[in-house]
Amino acid sequence: GAGIILQSLDNVSTQLAYKLDFFCSNNETEYEASILGMLLAMEKGTKMIVVKGDSKLIIKQMIGEYGIKELALAEYRRIVKITLEHVPRTENKYTDTLATTASKVIMENQNEALLTITKT
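If you're wondering where the values come from, they're calculated on a predicted model, not measured in any experiment. (Residues numbered from 1 in each chain as written. Predicted model: local features only at pLDDT ≥ 70, side-chain atom pairs only at ≥ 80, totals over all residues. Heavy atoms only, no water.)

1. Observations concerning the overall build of the protein
- On a plain count of helices and strands, the protein comes out with four helices and four strands.
- Reading the helices (α) and strands (β) of the protein from amino to carboxyl end gives β-β-α-β-α-α-β-α.
- A burial count over the protein gives 29% of its 120 residues as buried.
- Here the contacts in the protein between residues at least 6 apart in sequence split such that 63% fall between residues at least 24 apart.
- Roughly 8500 Å² of accessible area belongs to the protein as shown, and the carbon and sulfur atoms make up 52% of that amount. (Helix = DSSP H or I, 4+ residues; strand = E, 2+ residues; numbered from the N terminus. Buried < 20%, exposed > 50% of the residue type's maximum accessible area, 1.4 Å probe, protein only. Contact = heavy atoms within 4.5 Å. Areas by Shrake-Rupley, 256 points an atom, 1.4 Å probe, with all protein chains shown as cover.)

2. A few points about the confidence of the model for the protein
- Here the protein averages 78 in pLDDT, while 83% of its residues score no lower than 70.
- For the protein, the element scoring lowest by mean pLDDT is strand 4 (residues 83–86), at 67; helix 1 (residues 26–43) scores highest, at 86. (pLDDT = per-residue confidence, 0-100.)

3. With respect to the side chain of Thr29
- Mapped onto the secondary structure, Thr29 falls in helix 1.
- You can call Thr29 buried: its relative accessible area is 14%.

4. Some thoughts on the side chain of Ser55
- Position of Ser55 relative to the elements: it lies in the loop between strand 3 (50–53) and helix 2 (56–62).
- Sequence-distant contacts of Ser55, defined by excluding residues within four places in its chain, comprise Asn27, Glu30 and His86.

5. Points about the layout of surface pockets
- Estimated volume of the largest pocket: approximately 1300 Å³.
- Taken together, 43 residues line the largest pocket, and the ones lying closest to its centre are Ile4, Ile5, Leu6, Val50 and Lys52.
- Elements represented by at least two residues in the lining of the largest pocket include exactly strand 1 (2–7), helix 1, strand 3, helix 2 and helix 4 (93–104).
- The greatest single-element share of the lining of the largest pocket, amounting to eight residues, is contributed by helix 1.
- In the lining of the largest pocket, the residues fall into 18 nonpolar, 18 polar and seven charged. (1 Å grid on protein atoms, 1.4 Å probe; cavity = no way out; pocket = protein on both sides within 12 Å on 5 of 7 lines; lining within 4 Å. Points joined across faces, edges and corners; volume = space filled by probe spheres on them. Nonpolar A, V, L, I, M, F, W, Y, C, P; charged D, E, K, R; others polar.)

6. Describing the environment of Ser13
- Position of Ser13 relative to the elements: it lies in strand 2 (residues 13–18).
- A distance of 2.6 Å separates the side chain of Ser13 from the side chain of Gln15, its partner in a polar contact. (Polar contact = N/O pair within 3.5 Å; in protein donor to acceptor, adjacent residues only side chain to side chain.)

7. What to know about the pattern of salt bridges
- One pass over the structure, following the stated rule, counts one salt bridge.
- Here Glu65 and Lys60 are joined by a salt bridge, their closest N and O atoms 2.8 Å apart. (Salt bridge = Lys/Arg side-chain N within 4 Å of Asp/Glu carboxyl O.)

8. Points about the nonpolar core
- Counting eight residues, the largest nonpolar core consists of Tyr31, Ile35, Met38, Val51, Ile58, Met62, Leu73 and Tyr76.
- Sort the elements by how many residues they give to this core and helix 1 lands first, with three residues.
- Counting residues in each nonpolar core, the second largest holds six residues, with Ala2, Leu6, Leu40 and Ala41 among its members. (Core = buried A, V, L, I, M, F, W, Y, C linked by side-chain atoms within 4.5 Å.)

Below you can see the structure in the form of structure tokens.
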């Protein structure tokens, strides 16, 4: 699953969880979440995007500090050219929870499903 939190400069937050319907590695999932988040932000008319992720490997690959050995990840890096910031996993628990929840959902209608999660 992919967990995404979009937060505006005025602290309006949108949380999304996606179940990816194809096999991909954990690293590929990190890239998929980044791409989904960017696409959603652009749909909302966002002019500047800062991506924060808890995978130091992926962040370092995206900014070019680390090389990429896996061909599939090289294609993701080609797509993703943005400002990235590594966040410790301990500060990213809610997004991880969204991703885990999405990955566990079993959907009978694969075309489209909406799961609403309310944080109280």
